Amino acid sequence: MTIECVPVGNKVVLRVSGRMDAESASQFEPECESCIAKGFTTLVVDLGEVTYISSMGLRSFVAIAKKLKETGGSLRVCRASGLVRQVFEITRLTQIFPLHETVESALAEG
Amino acid sequence: MIHSSIQSGDVLRVALALLPVLLFLAALRALDSYKLVSLRTVLTSLASGAAAAAVCFGFNTFMFQIFPGAQDQYARIGAPVVEECAKAAFWIFLIATARVAFMADSAICGFAVGAGFALVENISYLHLLVDRGIGTWILRGPGTAVMHGGVAALGATISVYLLESRQWRGVRLFAPGLLAAIVLHSLFNQSLQYPMLSLLGAVVGVPLVLGVVFYLSERSLRRWLGGKMDRDIEILNMIGSARFQQTRVGAYLMSLQGAFPPELRGDMLSLLQLTIELSVRAKGALLIREAGLEVAPDPEVESIFAELKYLQKSIGPTGMLAIRPLLSQTPRDLWELHRLANGVR
């Protein structure tokens, strides 16, 4: 799994690609935390190139969403498709961070 | 005037005896990070414990009258057997019907049953200890109440542990926990002549044991949640993929080709997918709870269960028997389906 961070104003887009399984999911949380430490309060996670997500990955998303919520920020997820989208919808984690179709719509929200 | 002063003294005694226990019960519930035991279940457990105490009070009084010379022996050995069996009826019901599936939850429910029992028992003791000072009451009341809660909690926890680790069923599952509760209760009753010792044993020992139970339970829940969820996601992935027929599940469904018509095998696959989706849905709610966030009501769950019922009817008993190997039916699977079906978030 690879993660690329692209700052867009006071927000940051994290482009994730590959499989977000138990092993690789552990990279995701520190990456998000480092963005938060740099002062970004809105994180947009682009999942367009992610083919699989495990429970560990989902846990990381919930933990980051909670952290951002506590500091008045928000986590936005976009371009999730196939199994990844299905898992987000079935688990109803979308109640914490709604899914966006495009990076632009995720950046434009709020 | 005298009557009202006795009444206020009585209230103080009962409050002294029960307030620490109820606070301890509230603390147990607050400490549980997943908060899977509803307030309703806790209140029902308290009520069932109170009902068990009322039954035992009648039975014990009857036994004291029949064997007036053996009251002491009965209090030490007979009463613990009768009282623990009466208290166990409710926690056994909760575990046997998959309403409780984790050690921490069983400890909370067991403790609530014991606290309800202690409430009625302490009220019934008021007239016996009316001439004793508040000091005696402090030593006897909270100690006995914590003991009642603690041994029932431990009995229920042992049963859930055996269910989880050994997959035991029936009498074999519940006997060790019940026996442990009886033995500890009996030991406590033997030590009542040293009230300070019994009080210390209960108020130090019970929180220590329950602390360990909570730690182990949370660890086990996290492991199960992650492991089972990953397996469910894998199966969902396989069902949606072109190579489904090459998987174990796909191959098994193909092997039923000669026995069931295609439309029925289609329903079997839909049932499997829906069951897994429900399982993932329930675990999503647990993940949100784990983070301490609020879970919103699920508006779709009712229609999913209606569809599940329709599919089960369409597949029929023989078909259901054929796909049983594919459906996970562990006590925890049944527990999460029970929670979802009852709209428990």
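For the structure itself, consult the block above.
Residue positions are counted from 1 within each chain, in the order its sequence is given. Starting at A for chains and at 1 for ligands, labels are handed out in the order in which the entities are written. Restriction of local features to residues with pLDDT of at least 70 applies here, the model being predicted, together with a cutoff of 80 or more for giving and counting side-chain atom pairs; totals for whole chains, interfaces and linings are based on all residues. Side-chain numbers here rest on the full set of heavy atoms in the structure, without hydrogens or water.

Looking now at unusual backbone geometry. All names here are of chain A. Residue Arg 79 is not a glycine yet carries a positive backbone phi of 60°. Take Arg 79: it is sitting in the loop between β4 (74–78) and α3 (82–91). Positive phi, close to 60°, is recorded for Arg 92, a residue that is not glycine. By definition, any uninterrupted DSSP run of H or I lasting at least four residues is a helix, any uninterrupted run of E lasting at least two residues is a strand, and each is numbered from the N terminus. Within the secondary structure layout, Arg 92 lies in the loop between α3 and β5 (99–100). For Arg 92, a relative accessible area of 14% translates into the label buried. The classification of residues rests on relative accessible area computed with a 1.4 Å probe and restricted to protein chains. Under 20% of the type maximum is buried, over 50% is exposed, and intermediate values are partly exposed.

All names here are of chain A. Reading across the sheet, the 5 strands line up as β1-β2-β3-β4-β5 and stay open at both edges, with mixed pairing between neighbours. Every interior strand has two partners, whereas the edge strands, β1 (2–8) and β5, have only one. A pair of strands is labelled paired if DSSP reports no fewer than 2 bridges between them. Direction of pairing for β4 relative to β5: parallel, over a ladder of 2 bridges. Bridge pairing in β5 places Val 77 opposite Leu 99. Its contacts with the sheet put helix α1 (residues 25–37) on β1, β2 (11–20) and β3 (42–53), and the angle it makes with β2 is roughly 175°. Contacts are residue-level and defined by heavy atoms, with any inter-residue pair within 4.5 Å sufficient. Fitted lines through C-alpha atoms give the axes, limited to the stretch in contact for helices. The angle between two N-to-C directions lies from 0 to 180 degrees.

Turning to the packing of helix α9 (residues 262–290) of chain B against helix α11 (residues 331–341) of chain B, a few remarks are in order. Residue and element names in this part refer to chain B. Their axes nearest at 10 Å, the elements α9 and α11 cross at an angle of 80°. The angle between the axes of α9 and α11 places the two elements in the roughly perpendicular class. Seen from α9, the contacting residues are Leu 278, Ser 279, Ala 282, Lys 283, Leu 286 and Arg 289; seen from α11, they are Trp 335, Glu 336, Leu 337, Arg 339 and Leu 340. The classification used treats Ala, Val, Leu, Ile, Met, Phe, Trp, Tyr, Cys and Pro as nonpolar, Asp, Glu, Lys and Arg as charged, and all other residues, Gly among them, as polar. Of the residues belonging to the contact of α9 with α11, the class tally is 6 nonpolar, 1 polar and 4 charged. Every angle not falling under 35 degrees, over 145, or within 65 to 115 is termed oblique; those three ranges are roughly parallel, roughly antiparallel and roughly perpendicular.

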